[in-house]
Amino acid sequence: MTVGDRPLNIAILAVPAATASTLYGMLDLFSSPGRDWPFITKGEICEAKMRPYVVARTVEDFRAINEVRIHPDFALNDCPSPDIVCIPDFFVNPGESVSGQYDPEAQWLAENYRRGALLASACSGALLFGEAGLLADCEATIHWGYESTLSDNYPRVRVQTNRSLVMTGEGQRIVMAGGGSSWQDLALYVIARFVGLKEAIEVAKVYMLQWHDLGQQPFASLTCHRHSDDPMIGSCQEWLALHYRTRAPIASIIAQSGLPERSFLRRFTKATGMKPIDYLHAVRIEEAKQLLERSEMSVEAIADEVGYEDVSFLNRLFRRKTGLTPAQYRLRFGHLSKLVASAPDDFAPPYVPPTQK
């Protein structure tokens with residue numbers, strides 16, 4: 001995806017306590033779509049579809065928490081208008097508040113969100129969303145070691161540490177990844193959502209990321225969350241997101257639209273790239289994935305929970321859409337969530353950072 005004649009602007013927000021490996025890893029992955037795969041496979045030199053750059057409070061160099069030198073490309077007040085903002089993880093003592101430490105960054109994030117940018121964070125980067133006042137009454141995720149840091153300092157946030165990715169906010173324009181290497185999942189999600197599924201898979205193959213051997217499965221749900229610019233269809237998408245379990249939801253949104261059925265079907269398909277029934281199935285399959293990842297519910301119970309009376313229908317549809325049966329999906333993706341959630345409290349002892357230079 002490009003905006004007009006330019007690649008997508010991806011601002012990577014750097015603070016002095018940032019983790020350089022995540023920051024520059026994001027820079028590498030976001031530089032890749034449209035550029036690396038054609039060069040590696042065909043020797044073709046093509047333009048990148050994303051333009052990542054590092055932005056900080058000032059353009060002065062500083063050392064990250066691990067002493068790597070960070071060179072910002074732009075300051076907050078003079079950077080190109082970002083389409084997407086990504087926040088790498090940064091050091092904070094578990095449980096401590098960061099209130100008042102990042103006011104310029106928080107204000108900048110809130111301004112870009114109001115402009116319509118997508119905001120994404122890795123691990124502790126989600127704390128800056130809290131500082132910007134963007135997480136009230138929203139779900140969020142963060143590394144399990146920082147769960148109390150987020151929930152205690154921003155009590156209206158519903159923290160879901162058993163989910164590696166959480167999409168929330170207006171139009172799902174706030175995306176958070178948990179801890180560890182989940183920033184890679186975040187980057188692939190952003191690429192799939194805003195550039196394309198094909199490009200996300202290519203980047204995963206180039207960098208040999210964990211998802212590279214799963215074909216389209218990890219990204220299959222992403223396109224269904226693309227919020228339409230058509231206000232009426234966007235309203236239907238929001239209604240389906242809340243009422244997908246109900247009987248005959250497609251008939252309900254057609255009735256709500258006030259359009260003849262054939263006109264509505266054409267308008268919905270044009271706006272979303274999917275027929276309404278396919279969109280509904282995509283929403284239900286995504287919720288089934290989440291339940292398989294974070295619950296012990298039986299597949300039969302999950303089928304009923306997401307709106308299918310016939311569990312065999314869910315099994316067939318799930319396999320067709322993901323390439324895995326629900327049981328296989330749970331075995332592959334539920335196990336890691338359990339390991340993270342069951343990690344002992346003393347697994348990650350408090351860390352005292354070196355004196356900043």
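Residues numbered from 1 in each chain as written. Predicted model: local features only at pLDDT ≥ 70, side-chain atom pairs only at ≥ 80, totals over all residues. Heavy atoms only, no water.

## Things to note about the overall build of the chain
Looking only at helices and strands, the chain features 14 helices and 12 strands. Counting only residues that meet the buried cut, the chain has 52% of its 357 residues in that class. Taking as baseline every contact in the chain between residues at least 6 positions apart, the subset at least 24 positions apart corresponds to 63%. A total accessible area of about 17000 Å² is found for the chain, and carbon and sulfur atoms account for 52% of it. (Helix = DSSP H or I, 4+ residues; strand = E, 2+ residues; numbered from the N terminus. Buried < 20%, exposed > 50% of the residue type's maximum accessible area, 1.4 Å probe, protein only. Contact = heavy atoms within 4.5 Å. Areas by Shrake-Rupley, 256 points an atom, 1.4 Å probe, with all protein chains shown as cover.)

## A look at the nonpolar core
Of all hydrophobic cores here, the largest spans 80 residues; its most connected members are Phe 30 and Leu 109. Residues within four places of Leu 109 in sequence aside, it is in contact with Leu 13, Val 85, Ile 87, Leu 119, Leu 128, Phe 129 and Ala 132. Counting residues in hydrophobic clusters, the runner-up holds 30 residues, among them Cys 236, Trp 239, Leu 240 and Ile 253. (Core = buried A, V, L, I, M, F, W, Y, C linked by side-chain atoms within 4.5 Å.)

## What to know about the environment of Asn 112
Along the chain, Asn 112 falls in helix α3 (residues 103-115). For the pair Asn 112 and Val 85, spaced 27 residues apart in sequence, the C-alpha separation works out to 8.2 Å. Engagement of the side chain of Asn 112 in a polar contact is seen with the backbone oxygen of Trp 108, the distance being 2.9 Å. (Polar contact = N/O pair within 3.5 Å; in protein donor to acceptor, adjacent residues only side chain to side chain.)

## Describing the packing of aromatic side chains
Overall, the coordinates contain 6 aromatic pairs when judged by the stated rule. Measuring from ring centre to ring centre gives 5.3 Å for Phe 90 and Tyr 102, while their planes differ by 65 degrees; the resulting arrangement is edge-to-face. Note that Phe 90 is positioned in the loop between β7 (84-87) and α3 and Tyr 102 in the loop between β7 and α3, a separation of 12 residues in sequence. Pair check on accessibility: Phe 90 and Tyr 102 agree, each one buried. A ring pair is formed by Phe 268 and Tyr 279, whose centres lie 5.5 Å apart and whose planes are at 80 degrees; its orientation type is edge-to-face. Taken together, the residues span a long stretch of sequence, with Phe 268 in helix α10 (residues 261-272) and Tyr 279 in helix α11 (residues 276-294) at a distance of 11 residues. When sorted by exposure, Phe 268 lands in the same class as Tyr 279, which is buried. (Phe/Tyr/Trp six-rings, centres within 6.5 Å; stacked < 30°, edge-to-face > 60°.)

## Description of unusual backbone geometry
The backbone of Glu 67 shows a phi angle near 75 degrees, a positive value even though the residue is not glycine. Residue placement: Glu 67 occurs in the loop between β4 (62-63) and β5 (69-70). Of note, Cys 123 is a non-glycine position whose phi angle comes to about 55 degrees, a positive value. The residue Cys 123 is located in the loop between β8 (118-122) and α4 (126-131) in this model.

## Concerning the packing of helix α1 (residues 20-31) against helix α6 (residues 182-194)
Following both chains from N to C, one finds α1 and α6 inclined at 30 degrees, their axes separated by 10 Å at the closest point. As summarised for this structure, α1 and α6 are arranged roughly parallel, according to the angle between their axes. Where α1 crosses over α6, the two elements pack in a sense that is right-handed. Counting all contacts with α1, which are made through Ser 21, Thr 22, Gly 25, Met 26, Leu 29 and Phe 30, the residues of α6 involved are Trp 183, Gln 184, Leu 186, Ala 187, Val 190 and Ile 191. The residue inventory of the contact of α1 with α6, partitioned by class, reads 8 nonpolar, 4 polar and no charged. (Axes fitted to C-alpha atoms, helices over the stretch in contact; angles between N-to-C directions. Parallel < 35°, antiparallel > 145°, perpendicular 65-115°, else oblique. Left-handed = near helix turned anticlockwise from the far one by under 90°. Nonpolar A, V, L, I, M, F, W, Y, C, P; charged D, E, K, R; others polar.)

## Some thoughts on the environment of Ala 17
Along the chain, Ala 17 turns up in the loop between β2 (6-13) and α1. Using a relative accessible area of 12% as the deciding quantity, one classes Ala 17 as buried. Through-space distance from the C-alpha of Ala 17 to that of Ala 64 is 5.5 Å; in sequence the pair is 47 residues apart.

## A word on helix α7 (residues 197-206)
Regarding α7, the residues found buried are Glu 199, Ala 200, Ile 201, Glu 202, Val 203 and Ala 204. A positive phi of about 50 degrees marks Met 208, the residue just after α7.

## Side note on α10
In this model, α10 (12 residues) spans 16 Å end to end at C-alpha, consistent with the 16 Å of a helix rising 1.5 Å per residue. Taken together, the buried positions of α10 are Phe 264, Phe 268 and Thr 272. The arc that holds the buried residues of α10, viewed along the axis, is 35 degrees, so those residues lie on one side. Among the exposed residues of α10, those pointing more than 90 degrees away from its buried face are Arg 262, Arg 266 and Lys 270. Summarising the contacts, the buried residues of α10 are in contact with α8 (231-243), α9 (249-257) and α11. With its phi angle positive at about 80 degrees, Gly 273 sits one or two positions after the end of α10. (Expected span 1.5 Å × (residues − 1). Arc of directions from axis to C-beta.)

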